[in-house]
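Chain by chain, the residues:
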Amino acid sequence: MPRELNEVGVVGLGTMGAGIAEVFARAGLSVTAVDVDDAAVRRGREHVDGSTGRAVSRGRLDPADRDAVLSRIRFTTGMDDLAAAELVVEAVPERRELKTGVLSALDRICPPDTILATNTSSLSVTELAVTTGRPGAVIGMHFFNPAPVMKLVEVVRTVVTEPSVVEDVEALATRLGKVPVVIGDRAGFVANALLFGYLNHAVAMYDSGSAGREDIDTAMRLGCGLPMGPFALLDLIGIDTAVEVLDTMYRQSSDRLHAPSPLLTQLAAAGMLGRKTGRGFYTYAAPHSAEVVPDAQTPAPGGTAEGARPVRSVGVVGSAGCASGTDRLTAAVEAAGLPVTSVIAFLGEPAPPSGPGDAELRLRWTGPLEDLAQADLVLVSADARPEGIGAVFAALGELTRPGTVLVATGRGPVVDLAVASGRPSDVVGLHVAGPDLRLAEVVSSVVTAPEAAATVRALCARLGAHAVACADRAGFVVDALLFPYLNDAVRMIEARYAGADDIDAAMTLGCGYPTGPVALLDEIGLDVALAAQQRLYAESREPGLAPAPLLQQLVTAGHLGRRTGRGFRDHPAR
Ligand code: CAA
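Counting of residues starts from 1 at the beginning of each chain's written sequence and follows it residue by residue. Reporting in this predicted model follows two pLDDT cut-offs: at least 70 for local features of residues, and 80 or more for side-chain atom pairs to be given and counted; totals over whole chains, interfaces and linings ignore these cut-offs and use all residues. Hydrogens and waters are ignored; side-chain quantities use all the structure's heavy atoms.

Caption draft 1: Region of interest: the environment of aspartate 426. The numbering of helices and of strands both runs from the N terminus, where a helix is a DSSP run of H or I of at least 4 residues and a strand a run of E of at least 2. By the secondary structure assignment, aspartate 426 is in the loop between α15 (415-421) and β16 (427-433). Accessible area is worked out with a 1.4 Å probe on protein chains only. A residue is then buried under 20% of its type maximum, exposed over 50%, and partly exposed in between. Since its relative accessible area comes to 6%, aspartate 426 is described here as buried. Along the primary structure aspartate 426 and proline 450 are separated by 24 residues, whereas in three dimensions their C-alpha atoms are 9.2 Å apart. Two N or O atoms count as a polar contact when they lie within 3.5 Å, although within protein this holds only if one can serve as hydrogen donor and the other as acceptor, and sequence-adjacent residues are included solely when both atoms are side-chain atoms. A polar contact is formed between the side chain of aspartate 426 and the side chain of arginine 309, at a distance of 3.1 Å.

Caption draft 2: Quick peek at the site of the ligand. Looking at the ligand, there are 21 residues lining it, with Arg60, Ser121, His142, Asn145 and Asn192 nearest. At 2.7 Å from an oxygen atom of the ligand is found a side-chain nitrogen or oxygen belonging to arginine 60. Between the ligand and asparagine 145, the relevant distance is 2.8 Å, taken from a nitrogen atom to a main-chain nitrogen or oxygen of the residue. Ranked by the residues each element gives to the shell around the ligand, the list is headed by helix α7 (residues 191-207), at three residues. A class-by-class count of the residues in the shell around the ligand yields 12 nonpolar, six polar and three charged. Nearness here has a simple test: a residue counts as near a molecule or strand if at least one of its heavy atoms is within 4 Å of that partner. Each residue gets one label: Ala, Val, Leu, Ile, Met, Phe, Trp, Tyr, Cys and Pro are nonpolar, Asp, Glu, Lys and Arg are charged, and the others, such as Gly, are polar.

Caption draft 3: A look at the sheet that holds strand β5 (residues 115-118). Here, any two strands with at least 2 DSSP bridges between them count as paired. If you trace the eight strands from one edge of the open sheet to the other, you get β3-β2-β1-β4-β5-β6-β7-β8, paired in mixed fashion. One side of each edge strand has no neighbouring strand; the edge strands of this open sheet are β3 (73-76) and β8 (179-183). Taking each pair of neighbouring strands and ignoring which way they run, the sheet shows an average axis angle of 25 degrees. Sheet topology note: the strand β1 (residues 7-11)/strand β2 (residues 30-34) ladder contains five bridges and is parallel. Helix axes use the C-alpha atoms of the stretch in contact, all axes being lines fitted to C-alpha atoms, and the angles between their N-to-C directions lie in the range 0 to 180 degrees.

Caption draft 4: Representation of the side chain of threonine 448 in the model. Mapped onto the elements of the fold, threonine 448 is located in the loop between β17 (439-444) and α16 (450-463). Threonine 448 gets classed as buried once you look at its relative accessible area, which sits at 12%. Engagement of the side chain of threonine 448 in a polar contact is seen with the backbone nitrogen of serine 445, the distance being 2.8 Å. Working rule for contacts: check all heavy atoms of both residues, and any pair within 4.5 Å makes them a contact. Apart from residues lying up to four places away in sequence, threonine 448 is in contact with Pro424, Ser425, Val427, Val428, Val443 and Ala453.

Caption draft 5: Inspection of the packing of helix α2 (residues 38-57) against helix α3 (residues 63-71) at higher detail. One way to put it is that α2 packs onto α3 with a least axis distance of 10 Å and a crossing angle of 160 degrees. Relative to α3, the element α2 is oriented roughly antiparallel. Handedness of the α2/α3 crossing: right-handed. On α3, the residues touching Val48, Asp49, Thr52, Gly53 and Val56 of α2 are Pro63, Arg66, Val69 and Leu70. For the contact of α2 with α3, a count of residues per class yields five nonpolar, two polar and two charged. When describing relative orientation, an angle under 35 degrees is termed roughly parallel and one over 145 degrees roughly antiparallel, while 65 to 115 degrees is termed roughly perpendicular and anything else oblique. Should the near helix be turned counterclockwise from the far one by less than a right angle, the crossing is left-handed, whereas a clockwise turn marks it as right-handed.

Caption draft 6: Quick peek at the side chain of aspartate 472. On the secondary structure map, aspartate 472 appears in the loop between β18 (466-471) and α17 (478-494). We score Asp and Glu as negative and Lys and Arg as positive, and we do not count His or the chain ends. The working definition used for a salt bridge is a side-chain nitrogen of Lys or Arg within 4 Å of a carboxyl oxygen of Asp or Glu. Of the side chains bearing the opposite charge, arginine 473 lies closest to the buried aspartate 472, which forms no salt bridge; the N-O distance is 6.8 Å. In this structure the side chain of aspartate 472 is engaged in a polar contact, spanning 3.0 Å, whose partner is the backbone nitrogen of valine 414. A polar side-chain atom of aspartate 472 sits 2.9 Å from the main-chain amide nitrogen of valine 415. If near-sequence neighbours (up to four positions away) are discounted, aspartate 472 is found in contact with Pro413, Val414, Val415, Val443, Ser444 and Ser445.

Caption draft 7: Geometry of the packing of α7 against helix α10 (residues 239-253). Where α7 meets α10, the axes come as close as 10 Å, and the angle between the chain directions of the two elements is 110 degrees. Accordingly, the angle class assigned to the pair α7 and α10 is roughly perpendicular. Across the interface between the two elements, Asn192, Ala193, Phe196, Gly197 and Asn200 of α7 pack against Ala242, Val245, Leu246 and Met249 of α10.

Caption draft 8: Structural view of the packing of aromatic side chains. Ring pairs are drawn from Phe, Tyr and Trp, using the six-membered ring of Trp, whenever the two centres fall within 6.5 Å, and their geometry is named by plane angle: stacked under 30 degrees, edge-to-face over 60, tilted for the rest. Scanning all chains against the criterion turns up five aromatic pairs. Measuring from ring centre to ring centre gives 6.4 Å for phenylalanine 24 and phenylalanine 143, while their planes differ by 85 degrees; the resulting arrangement is edge-to-face. With a gap of 119 residues between them, phenylalanine 24 in helix α1 (residues 15-26) and phenylalanine 143 in the loop between β6 (138-142) and β7 (152-156) connect regions that are remote in the sequence. Of the two residues, phenylalanine 24 and phenylalanine 143, neither departs from the other in class, the shared state being buried. Taking the centre distance of 5.4 Å and the plane angle of 65 degrees together, the rings of tyrosine 206 and phenylalanine 231 count as edge-to-face. You can see tyrosine 206 sitting in helix α7 and its partner phenylalanine 231 sitting in helix α9 (residues 230-237), a full 25 residues away along the chain. On the basis of relative accessible area, phenylalanine 231 is assigned to the buried category, the value being 0%. Aromatic ring contacts, followed pair by pair, group Tyr206, Phe231 and Phe281 into a single cluster. Placement of a positive charge over a ring is assigned whenever Lys NZ or Arg CZ falls within 6 Å of the ring centre and within 35 degrees of the normal to the ring plane. The cationic tip of arginine 186 hangs over the ring face of tyrosine 497; the distance from NZ or CZ to the ring centre is 4.7 Å.

Caption draft 9: Up close: the domain arrangement of the protein. In this entry, domain limits derive from an automatic or database-based domain assignment. When cut into domains, the protein gives domain 1 (7-184), domain 2 (191-293), domain 3 (314-471) and domain 4 (478-564). Taking the mean C-alpha position of each, domain 1 and domain 3 sit 56 Å from one another.

Now the structure itself:
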């Protein structure tokens, strides 16, 4: 039977500590909330006042209940006031010497059976535990920001944690209305280990100029259904915390992808720590505010449609082998009232070579080519990248009028098709990501004319799709950030650190993702994920992006996910 813990303490009343104190008090526990001086205690109290005040104004909390919640928290600067606590969570800043100092003090002050929990996001719980005289009673209790909202608590057990302590903390987390996931002591635990590689990658993408800050945030919200984009989330978490977490992960993994991106360390050095200081990747109306105000760096999200060429009619070219790639787009263009001319290009057997050099693919068309020649913009299905798609672009380059925008839809690189067309500046990539037409990645190759890209953006606006601008890099924005995260989840399973259910729970309950990574892999198809990851690895040669061997093996075994009835999980036919 787990022990029922009713008298608890929290040390450190920053965003996390104050949030944890609120969670305890809302669940009816008696809380002693401690920080170093009166100013810090006042900020902690204001945080709880603000959060519970918001809950009352939204009708989520009765004013009388709010008073009861507040009365259950005793704010103090005296650590000795924790002498009667049955469990104390330390949530002081993420610096080892600070945390060990607090834990040693608690070790002196609290009775021997008091559980000492750390909310560290990245430090080794084992190393913290052994600095106390009671390592068996030290445990990780990792909450997620905002603590009152996010349902996950990672319960981190070390090799010396007493089983009864794990049981008590698991029961407590459940009583708080949270979902505990019990895991071992590894840098980043489950959620941060999967989250921070992705966040760091997003920063590197922005820093390289491949896509803008707002565009990356929009792409991940609309393309993957995430509650926040990576930069908004980094600002919420705190840039200093992000640097600490990544540093620890890098020290443990030696994976360059975990080395904090220079932009992060510079923002941290400049004190631009995110919402808490009023400025991070974005500028906020005030410290701790969520309201973003435009700053000097704010570009027009998605790029402008300035200079767009008029589009009065649209051609659609499907090619045998990937005829469906443009279906959704075509329907949307028709729904927007634009006349559409459809043709199919058949890529047949190569014609015999007429001289030295390669044989040319024999290209045949069905459909009104003369109408296609008059279109202002032609959407070409290049999704599956059939062999010879370059020949389609070469033919279109000759058939259509100069200035006609040739749009390569799909995931592949744009520049090779641009070159094949003979009119490289008129070729633009377009990738519709996500479950509907809400997000369109508009891809400029190194030779794309700004007006051609602007024409595609203007078309997206007519179709109601939100355009983001990005460079011609493998995976554009969404795939480049999504698939390595999925691959990392496979590596975690492979390393037997956590199972599919715990990983999916961590990301949905800790970070508000609509679907966990393992479930998403089964939905997308393991073969699709493997192919995407191979493209990313081929472009970067980054060892950390190499496809996980387990992913390759499952694909080889034909376990491709829901489509084949079996992937990481079984999917019985309904
Ligand atoms: N404190 C208390 N409650 C809050 C809150 C806060 N700081 N922020 C939002 N809420 C509540 C709101 O009151 C609201 O509650 P009701 O529905 O009961 O009215 C609810 O959350 C939704 O809030 P909003 O409507 O204002 O905003 P939203 O729908 O955009 O949600 C969000 C905001 C919950 C933060 C959401 O964007 C989200 O889930 N983001 C992802 C957060 C995330 O990934 N957290 C994990 C970060 S990693 C970490 O923390 C670990 C680490 O070690 C660094």
